[in-house]
Amino acid sequence: MRIQSKLCGLTKTQDIDAAAEAGAAYVGFVFFPKSPRNLEIFEARELALRVPLKITKVALVVNADNAFLDHITASMPLDMLQLHGVESPERVVEVKVRYGLPVMKALGIANTKDIILAQTYAGAADQLLLDAKPLSGHDLPGGNGLSFDWKLLHGQTWSVPWMLAGGLTPINVAEAVQLSGAKQVDVSSGIEAMPGQKCPELMAEFVAQANSQDTAD
């Protein structure tokens, strides 16, 4: 099957066009003030309206309360919510029920204990995003350009679809897919010329390299 790529942290109309041209399956919009990719809701709405219907539009939030999620979901077209904080499985279910949207839960992975914890979210979330744990003192829960031992995921069985994230680039995404068995991959900093500034050439190359690992099943 074709490897599905999520290009996250898009901030400009040209990013949307480049993602569509590259063949992205998902695009992500970041709502987290500490991130160089943070968007105001009115900005994200204009970008979301430009996304072709075949591409899944994802809003990334970190420990967002209902008031903020109410504002986002009422203001722009979305296909999925990505919870990238310390939300509990109960909170994931609450968000799913309240907004009627699929929820992807991001979880940091550094060792097998983290994988066991991630498995506890499989019954709550529609998808899991398995990311590298940020280093102590980092302000960002993701988008730090850090990776983890992808072999930890090889052979693992999950009851919901999952996506590999953390330190992926056009150079290493093919190896990451081979070692982890991922069928979906997420990238943000790995397709940037500088923090928050996406590079169309890197976006296209990332998707092409991910797709070079198309699997038979």
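Up top is the structure.
Residues numbered from 1 in each chain as written. Predicted model: local features only at pLDDT ≥ 70, side-chain atom pairs only at ≥ 80, totals over all residues. Heavy atoms only, no water.

Novice: Can you help me understand the packing of aromatic side chains in this one?
Specialist: Here the distance between the centres and the angle between the planes together describe a pair of aromatic rings. This model, assessed by the stated rule, comprises 2 aromatic pairs. For the ring pair F31 and F68, a centre distance of 6.3 Å and an interplane angle of 80° mean the geometry is edge-to-face. With F31 in strand β2 (residues 26-31) and F68 in helix α3 (residues 66-75), the pair connects residues that are 37 residues apart, well separated along the chain. Assessed through its relative accessible area of 31%, F68 is described here as partly exposed. (Phe/Tyr/Trp six-rings, centres within 6.5 Å; stacked < 30°, edge-to-face > 60°. Helix = DSSP H or I, 4+ residues; strand = E, 2+ residues; numbered from the N terminus. Buried < 20%, exposed > 50% of the residue type's maximum accessible area, 1.4 Å probe, protein only.)

Novice: So what exactly am I meant to see when it comes to helix α7 (residues 200-211) here?
Specialist: An α-helical turn contains 3.6 residues, so a residue and the one three or four places further along point in the same direction. In this model α7 runs 17 Å from its N-terminal to its C-terminal C-alpha over 12 residues, within 8% of the 16 Å that 1.5 Å per residue would give. Along α7, the residues that are buried comprise M203, F206, V207, A210 and N211. Taken around the axis of α7, the buried residues stretch over an arc of 125°, which confines them to a single face. Buried-residue contacts for α7 involve β1 (4-8), α1 (13-22), α6 (173-180), β8 (184-187) and β10 (197-198). (Expected span 1.5 Å × (residues − 1). Arc of directions from axis to C-beta. Contact = heavy atoms within 4.5 Å.)

Novice: Looking at this structure, I do not really get the pattern of salt bridges. What am I missing?
Specialist: If charged atoms from side chains of opposite charge come close, those side chains can pair. Evaluation of the coordinates by the stated rule reveals 12 salt bridges. Residues D114 and K133 are paired through a salt bridge, measuring 3.0 Å at the closest nitrogen-oxygen approach. You can see D114 sitting in helix α5 (residues 112-119) and its partner K133 sitting in the loop between β6 (127-132) and β7 (162-164), a full 19 residues away along the chain. Assessed through its relative accessible area of 8%, D114 is described here as buried. Classification of K133 as partly exposed rests on a relative accessible area of 42%. Between K151 and D149 there is a salt bridge, with its nearest N and O atoms 3.5 Å apart. (Salt bridge = Lys/Arg side-chain N within 4 Å of Asp/Glu carboxyl O.)

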